[in-house]
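Coordinate analysis (summary)
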Amino acid sequence: MPLLRGKYYTLADVLCWDDRERWELIDGVPLMMAPPARIHQKIVSEINRQLGNYLKGKKCEVYPAPFAVRLFEENGDLPERVDTLVEPDISVICDPSKLDDIGCKGAPDLVIEVISPSSRRHDRVTKFNLYQRAGVQEYWIIDPSGKEALSYVLEDGHYKAKESGTAGDQMRVNVLEDCMLDLSQVFSE
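In this text the structure is predicted, and so the values were computed from the model without any measurement. (Residues numbered from 1 in each chain as written. Predicted model: local features only at pLDDT ≥ 70, side-chain atom pairs only at ≥ 80, totals over all residues. Heavy atoms only, no water.)

**Notes on the pairing of strand β8 (residues 138-143)**
With respect to burial, β8 is a largely interior element, 6 of its 6 residues being buried. A two-sided burial pattern is seen for β8, the buried positions comprising E138, W140 and I142 on one face and Y139, I141 and D143 on the other. Bridge analysis of strand β7 (residues 110-114) against β8 gives 5 bridges, and the strand direction is parallel. Bridged to E113 within β8 is I141. This β-α-β element, β7 to helix α3 (residues 120-134) to β8, shows right-handed connectivity. Where β8 meets strand β9 (residues 148-155), 6 bridges bridge the pair, whose relative direction is antiparallel. Within the sheet, the bridge partner assigned to Y139 lies in β9 and is Y152. From the end of β8 to the start of β9, which pair antiparallel, there are 4 residues, and K147 there has a positive phi angle of about 50°. (Buried < 20%, exposed > 50% of the residue type's maximum accessible area, 1.4 Å probe, protein only. Helix = DSSP H or I, 4+ residues; strand = E, 2+ residues; numbered from the N terminus. Pairing = 2+ DSSP bridges. Right-handed = clockwise from strand over helix to strand, strands pointing away.)

Laid out in structure tokens, this is it:
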């Protein structure tokens, strides 16, 4: 289906599109997502494994992409009124009332994005500001080419840089008590 330039789109539109294509919707503007590289998927799989092992038996849940997050949706919102939908590489949600058949309505507690050359600006600027505005408590940016992880924690409505790490480090996940990610496993290549 060809998209019309300048048209305002909503979740109702996205739900009708071909599910083999991945789209994000930011303030009514659709953005098609490129397929991730193998190293991107390997990093996402490892982080998802570590978080999944930590969360086993706990109330929070971890979801890798594709997983629809409607950052500003509230209970009772119709799909025609939801104009922002993102697919973070990894989302951790601790409030089960935010989960439904589509994905997550509202801000996850933790979002992790693995940047690629095509998403660098989008993840570092657009999504950084979007997640901050939505109230995502912790945001991580993983850079495979530099083998670096950066974490930000929301304080007084703004992200503050919390920690950075490289291949040999362990980094604390601030929204999960006593949770550490082993970056030597994340950056094993």
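**Notes on the pattern of salt bridges**
According to the stated counting rule, one finds 8 salt bridges in the structure shown. K127 serves as the salt-bridge partner of E113, at 2.8 Å between the closest nitrogen and oxygen. Highlighted residues: E113 in strand β7 and K127 in helix α3, separated in sequence by 14 residues. Looking at E113, the relative accessible area reads 2%, which means it is buried. Assessed through its relative accessible area of 2%, K127 is described here as buried. In this structure, a network of salt bridges that share partners links the residues E24, E113 and K127. (Salt bridge = Lys/Arg side-chain N within 4 Å of Asp/Glu carboxyl O.)

**Notes on α3**
It helps to recall that an α-helix has 3.6 residues per turn; residues three or four apart then point in one direction. Between its first and last C-alpha, α3 extends 20 Å over 15 residues, near the 21 Å set by a 1.5 Å rise per residue. The largest bend in α3 amounts to roughly 35° and is located at K127. Of the residues making up α3, those classed as buried are D123, K127, F128, L130, Y131, Q132 and A134. Taken together, the buried residues of α3 touch β1 (23-26), β7, β8, β9 and β10 (158-166). (Expected span 1.5 Å × (residues − 1). Bend = angle between axes of the 7 residues up to and from the residue. Contact = heavy atoms within 4.5 Å.)

**Topic: the sheet that holds strand β3 (residues 61-64)**
One open sheet holds the 6 strands; their spatial order is β3-β5-β7-β8-β9-β10, and the pairing between them is mixed. Here the strands that pair on one side only, and so sit at the sheet edges, are β3 and β10. Adjacent strand axes in the sheet meet at a mean angle of 15°, parallel and antiparallel pairs treated alike. Across the sheet, α3 touches β7, β8, β9 and β10, and the angle it forms with β8 is around 175°. (Axes fitted to C-alpha atoms, helices over the stretch in contact; angles between N-to-C directions.)

**Details of the packing of aromatic side chains**
Inspection of the entire model under this criterion finds 9 aromatic pairs. Each ring, one from Y131 and one from Y139, has its centre 5.0 Å from the other, and the planes form 70°; the classification is edge-to-face. The exposure classification of Y131 matches that of Y139, with both residues buried. Following the ring pairs from residue to residue traces out a cluster consisting of F128, Y131, Y139, Y152 and Y159. Above the face of the Y54 ring, K58 is positioned so that its terminal group lies 4.3 Å from the ring centre. (Phe/Tyr/Trp six-rings, centres within 6.5 Å; stacked < 30°, edge-to-face > 60°. Lys NZ or Arg CZ within 6 Å of the ring centre and 35° of its normal.)

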